[in-house]
Amino acid sequence: MSSTAVSLSMPVVPRRRRSPEEVAAAAPVTGEKRVLLAAPRGYCAGVDRAVIAVEKALEHHGAPVYVRKQIVHNVHVVSSLEARGAIFVEENDEVPEGALVVFSAHGVSPAVVQSAADRGLRTIDATCPLVTKVHKEAVRFAKEDNHILLIGHEGHEEVEGTYGEAPESTTIVNNPEEARTVQVADPDHLIWLSQTTLSVDETMEIVDILRERFPNLQNPPSDDICYATTNRQSAIKEIAPQADLVIVVGSANSSNSVRLVEVALEYGAKASYRVDFAHEIDESWFEGVASVGVTSGASVPEILVKDVLSLLAEYGFASVEEVVTATEDILFSLPKELRATLKAAGDPAYKGARSSNLL
Ligand code: SF4
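Residues numbered from 1 in each chain as written. Predicted model: local features only at pLDDT ≥ 70, side-chain atom pairs only at ≥ 80, totals over all residues.

## Some words on the overall build of the protein
- Within the protein, the secondary structure is distributed over 12 helices and 12 strands.
- Its C-alpha atoms give the protein a radius of gyration of 22 Å, near enough to 21 Å, the size a compact globule of 359 residues would have.
- If one aligns the C-alpha atoms of the protein with their principal axes, the spans along those axes are about 65 × 55 × 35 Å.
- Buried residues in the protein amount to 43% of all 359 residues.
- In the protein, of all internal contacts separated by at least 6 residues, the share reaching a separation of at least 24 is 77%. (Helix = DSSP H or I, 4+ residues; strand = E, 2+ residues; numbered from the N terminus. Rg over C-alpha atoms; globule rule 2.2 N^0.38 Å. Buried ≥ 20, exposed ≤ 12 C-beta atoms within 10 Å, placed from the backbone. Contact = placed C-beta atoms within 7 Å.)

So, in structure tokens, the structure goes:
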């Protein structure tokens, strides 16, 4: 058994940073230095629910609590939960028989649920309800004899889970090129679904290509790209044309964070970079920069954004204007297995709770 398969506690060594004076001397800035801070940003309801599920599992069941895959795609969140006693594994066979395992927000296929049952594992399913919705669609459309074109990134855990609901009836379409070449047996019984964290624009481009080739392609009943992905992309679309630089806080394996960099560049940011932590910011990025856009992916705790803002203030970007393009108040109830435990223990969180968002 390996308990370090996805351990992320490795130390990160900061680079030497020039002083703000050195940066200013290298390329004087014209115009007032300012930060445009995107809202919404950071934690979505699905991530919040998944993080609190692990926190509450640790609190009520005690360490260790096993978690299959990263609970959410964020280095800081994973290492913080590891420090509290969570053990992240890649597969169920790394979990001791009878132990408690939490399934991540990205969802699992029926085969994974079955393998946990076969091993006698106790499970808490922290799959985001919006991912579960896509799973249910896949099952229903396959039962109705449709073939599913699943737009998403092959190898991403969410896509693996959705694909696993109906593998005989599903083909993954990764990009526009694949949309131009994918072959289907019956173009009159065809529907598309998508990963929840894609670029809205690129997904619609893929759908347009598919529809041109397969005019009877059906739409899902509602968009699969979730509200949080859409809202974070809309906010950065507003900011990007005014920004010399956009900094996205988020991890490399966070699909929605990576998409935010792409969307920022597409909508006019002169440069855009993704960082896990403030100390990864390279001072050369500030040369000639007056306005910096800042946002964060849906799995990023706000404390990491605050660190970035503090660093920006050191370089003279102390004026922060929040650009609000939507407000969010969605709260998902906790996984049912956990609610039962909390209720029995008299923990009021069984009625609904948010994580600290400050791991
Ligand atoms: S990004 Fe969307 S689908 Fe993914 S966990 Fe958050 S709310 Fe759920």
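## Notes on the site of the ligand
- Near the ligand there are 15 residues, and of these Cys44, Gly46, Cys128, Thr196 and Cys226 occur at the shortest range.
- When contributions to the shell around the ligand are tallied by element, the ones reaching two or more residues are helix 2 (45–61), helix 5 (129–143) and helix 9 (227–239).
- Here the shell around the ligand is built from residues that sort into 10 nonpolar, five polar and no charged. (Near = placed C-beta within 6 Å. Nonpolar A, V, L, I, M, F, W, Y, C, P; charged D, E, K, R; others polar.)

## Concerning the nonpolar core
- Ranked by size, the top nonpolar core spans 61 residues in total, and within it Ala53, Val54, Val67, Ile71, Val102 and Leu150 carry the most contacts.
- Among residues more than four places away in sequence, those in contact with Ala53 are Val102, Ile124, Ala126, Leu334, Pro335 and Leu338.
- Of all hydrophobic cores here, the second largest spans 32 residues; its members include Ile236, Ala240, Ala243 and Phe317. (Core = buried A, V, L, I, M, F, W, Y, C linked by C-beta atoms within 7 Å.)

## Here we look at the UniProt feature "binding site: [4Fe-4S] cluster" (unreviewed entry) in the protein
- In the numbering adopted here, UniProt assigns the feature "binding site: [4Fe-4S] cluster" (unreviewed entry) to Cys44, Cys128 and Cys226. In sequence the annotated residues extend across 183 residues, while in space they remain close, none of their C-alpha pairs exceeding 10.4 Å.
- Mapped onto the elements of the fold, Cys128 is located in the loop between strand 5 (122–125) and helix 5.
- Of the residues examined, Cys128 has 26 C-beta atoms within 10 Å and is grouped as buried.
- Excluding its chain neighbours within four sequence positions, the residues that come into contact with Cys128 are Gly46 and Ala105. (UniProt positions renumbered as here; feature names shortened; annotations may be inferred.)

## Here's the deal with the sheet that holds strand 5
- Reading across from one edge, 3-2-4-5 is the order of the four strands in this open sheet, with parallel pairing throughout. The open sheet has two edge strands with one neighbour each: strand 3 (86–89) and strand 5. Along the sheet, successive strands turn relative to each other by an average axial angle of 30°, direction set aside.
- Alignment of strand 2 (residues 65–68) against strand 4 (residues 100–103), held across three bridges, turns out to be parallel. Opposite Val67, over in strand 4, you have Val102 as the bridge partner. (Pairing = 2+ DSSP bridges. Axes fitted to C-alpha atoms, helices over the stretch in contact; angles between N-to-C directions.)

## What to know about the UniProt feature "binding site: dimethylallyl diphosphate" (unreviewed entry) in the protein
- The sites that carry the UniProt feature "binding site: dimethylallyl diphosphate" (unreviewed entry) are, in the present numbering, His73, His106, His156, Ser254, Ser255, Asn256 and Ser299.
- Mapped onto the elements, Ser254 comes out in the loop between strand 9 (245–249) and helix 10 (255–266).
- Given 26 C-beta atoms within 10 Å, Ser254 falls into the buried group.
- Not counting the four nearest positions on each side in its chain, Ser254 is found in contact with His73, Asn74, Gly297 and Ser299.
- The class of Ser299 is buried, set by 32 C-beta atoms lying within 10 Å.
- Contact partners of Ser299, with chain neighbours within four places excluded, come to Val47, Val72, His73, Asn74, Val77, Gly250 and Ser254.

## Focus on helix 2
- Given a rise of 1.5 Å per residue, 17 residues ought to cover 24 Å, and the 23 Å separating the end C-alpha atoms of helix 2 matches this to within 8%.
- Within helix 2, 13 of the 17 residues are buried, which leaves it mostly tucked inside the rest of the structure.
- Backbone geometry just downstream of helix 2 places Gly62 in the positive-phi region, at approximately 80°. (Expected span 1.5 Å × (residues − 1).)

## Description of the sheet that holds strand 12 (residues 320–324)
- Sheet architecture is open: five strands sit in the order 10-9-11-1-12, paired in parallel fashion. This sheet does not close on itself; its edge strands, each paired only once, are strand 10 (272–275) and strand 12. Going from strand to strand, the sheet's axes swing by 25° on average, the running direction of each strand aside.
- Taken together, the five bridges between strand 1 (residues 34–39) and strand 12 define a ladder with parallel strand orientation. Its bridge partner lying in strand 12, Leu36 is registered against Glu321.
- Contacts between helix 11 (residues 302–314) and the sheet are confined to strand 1, strand 9, strand 11 (291–296) and strand 12, with strand 11 contributing the most and set at about 165° to the helix.

## Examining the packing of helix 9 against helix 10
- It is at 9 Å that the axes of helix 9 and helix 10 come closest, and there the two elements cross at 30°. One way to sum up the angle between helix 9 and helix 10 is to call them roughly parallel. As for how helix 9 packs across helix 10, the hand of that crossing is right-handed. Note on element contacts: helix 10 touches helix 9 through Asn256, Arg259, Leu260, Val263 and Ala264, opposite Thr229, Arg232, Gln233, Ile236 and Lys237.
- Residue composition of the contact of helix 9 with helix 10, grouped by class: four nonpolar, three polar and three charged. (Parallel < 35°, antiparallel > 145°, perpendicular 65-115°, else oblique. Left-handed = near helix turned anticlockwise from the far one by under 90°.)

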